[in-house]
Amino acid sequence: MRQLLCLLTLIAGLSACSTQPPITTADSEWEQHLSQLQQLEHWQLNGKIAFINQQSRQAANLFWRQDGENSLLRINGPLGLQGIEVHYQPGQVWVKTKDEEYRGNDAQQLIYRLTGWQVPVEQLPAWLLGMPSQNDYQLNAQHRLASFTSAEQWQINYLNYAQYGNYTLPRQLELNSADNRLKLNIHQWQIDDSTNP
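Residues numbered from 1 in each chain as written. Predicted model: local features only at pLDDT ≥ 70, side-chain atom pairs only at ≥ 80, totals over all residues. Heavy atoms only, no water.

(A) Highlighting the overall build of the protein. When helices and strands are counted, the protein shows 4 helices and 11 strands. Taken over 197 residues, the protein has a buried fraction of 39%. Within the protein, contacts between residues at least 6 apart in sequence are counted, and of these 38% link residues at least 24 apart. When the accessible surface of the protein is summed, it comes to about 11,600 Å², and 47% of that surface belongs to carbon and sulfur atoms. (Helix = DSSP H or I, 4+ residues; strand = E, 2+ residues; numbered from the N terminus. Buried < 20%, exposed > 50% of the residue type's maximum accessible area, 1.4 Å probe, protein only. Contact = heavy atoms within 4.5 Å. Areas by Shrake-Rupley, 256 points an atom, 1.4 Å probe, with all protein chains shown as cover.)

Below you can see the structure in the form of structure tokens.
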């Protein structure tokens with residue numbers, strides 16, 4: 001009888017333990033990584049961007065600088081232009097070409113009108129860093145973002161990461177919409193983390 005009582009107590013104890021959700025290394029590593037990315041407000045990158053659709057494929061050099069909510073990007077390459085410079089802040093965008101300057105309140109629409117390419121400027125700062133804009137996403141074996149589909153129906157795939165100082169950041173990613181594919185190859189990240197401990 002005593003052995004039966006001990007056995008029942010042990011089983012009850014085990015079942016109580018099993019009702020607690022396990023904390024996995026993957027979850028804690030991802031949460032820590034995501035928290036680190038969310039602190040980044042000032043950064044810049046250099047790389048290449050390719051625009052691909054059924055009609056054409058074009059490549060250009062890309063420079064992006066992020067200061068809080070304000071973005072500056074330069075795309076130098078074909079695109080029917082020698083290059084464009086885009087200044088974006090929420091609700092306002094202006095685009096400079098060699099000869100003209102254009103203003104509006106929808107960055108993606110304005111770039112599309114000038115180049116014929118869809119570039120999700122407003123969402124890209126988070127996506128470039130490797131942060132999903134949806135709760136439904138997949139992680140890779142290193143507990144970094146592997147892919148997700150945005151509310152705007154862009155499928156974002158992270159192909160490669162690299163270490164830049166204290167940060168693991170994307171090096172190659174692809175963005176696919178119904179009609180366009182953007183491929184980004186990031187050569188260099190520069191992080192201003194002077195405000196972070």
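(B) View of the environment of tryptophan 189. With respect to the helices and strands, tryptophan 189 occurs in strand β11 (residues 181-191). Spatially, the C-alpha atom of tryptophan 189 lies 9.3 Å from that of proline 170, the residues being 19 residues apart in sequence. Dropping the residues within four chain positions of it, tryptophan 189 is found in contact with Trp43, Gln44, Leu45, Leu128, Leu129, Tyr164, Leu169 and Pro170.

(C) Here's a closer look at the pairing of strand β10 (residues 167-176). Of all the 10 residues making up β10, 8 are buried; the element is thus mostly covered by neighbouring parts of the structure. In this sheet, β10 lies alongside strand β9 (residues 155-164) in antiparallel orientation, the contact comprising 9 bridges. Counted as the bridge partner of alanine 162 is leucine 169 from β10. Between β9 and the antiparallel strand that follows it, β10, lie 2 residues; glycine 165 among them carries a positive phi value of about 65 degrees. In terms of strand pairing, β10 meets β11 through 5 bridges, oriented antiparallel. Paired with glutamate 174 across the two strands is lysine 183, which belongs to β11. With antiparallel pairing between neighbouring strands as the criterion, β10 and β11 make up a hairpin whose turn holds 4 residues. (Pairing = 2+ DSSP bridges.)

(D) Region of interest: the side chain of glutamine 66. Checked against the element boundaries, glutamine 66 lands in strand β2 (residues 57-67). Looking at glutamine 66, its side chain comes within polar contact range of the main-chain oxygen of glycine 68, at 2.9 Å. Side-chain polar atoms of glutamine 66 contact the backbone oxygen of asparagine 70, separated by 3.4 Å. Setting aside residues up to four positions removed in sequence, glutamine 66 forms contacts with Glu41, His42, Trp43, Ser71 and Pro125. (Polar contact = N/O pair within 3.5 Å; in protein donor to acceptor, adjacent residues only side chain to side chain.)

(E) Expanded view of helix α3 (residues 107-115). All of the buried residues in α3 are Ala107, Leu110, Ile111, Leu114 and Thr115. Relative to the axis of α3, the buried residues are bounded by an arc of 110 degrees and lie together on one face. Counted as exposed and oriented over 90 degrees from the buried face of α3: Gln109 and Arg113. Against β4 (84-89), β5 (92-96) and β6 (101-104) lie the buried residues of α3. The opening residue of α3, the one whose side-chain oxygen lies 3.2 Å from the backbone nitrogen of glutamine 108, is aspartate 106. (Arc of directions from axis to C-beta.)

(F) Representation of the environment of glutamate 174 within the structure. Assignment of secondary structure puts glutamate 174 in strand β10. Of the residues examined, glutamate 174 reaches a relative accessible area of 15% and is grouped as buried. Beyond its immediate sequence surroundings of up to four residues, glutamate 174 is in contact with Gln155, Ile156, Asn157, Leu159, Arg181, Leu182 and Lys183.

(G) Region of interest: the confidence of the model for the protein. Mean pLDDT for the protein: 84, with 82% of residues reaching 70 or above. In the model of the protein, helix α1 (residues 2-18) stands out as the element of lowest mean pLDDT, 45, in contrast to β10, which has the highest, 97. Counting contacts from residues 4-25, a segment whose pLDDT is below 50, to residues more than four positions away or on other chains yields 0 contacts. (pLDDT = per-residue confidence, 0-100.)

(H) Broad picture of unusual backbone geometry. One non-glycine residue, histidine 143, lies in the positive phi region at around 65 degrees. Within the secondary structure, histidine 143 sits in the loop between β7 (137-139) and β8 (145-149). A relative accessible area of 16% means that histidine 143 is categorised as buried. With a phi close to 70 degrees, glutamine 153 is a non-glycine residue in the positive phi region. Secondary-structure assignment places glutamine 153 in the loop between β8 and β9.

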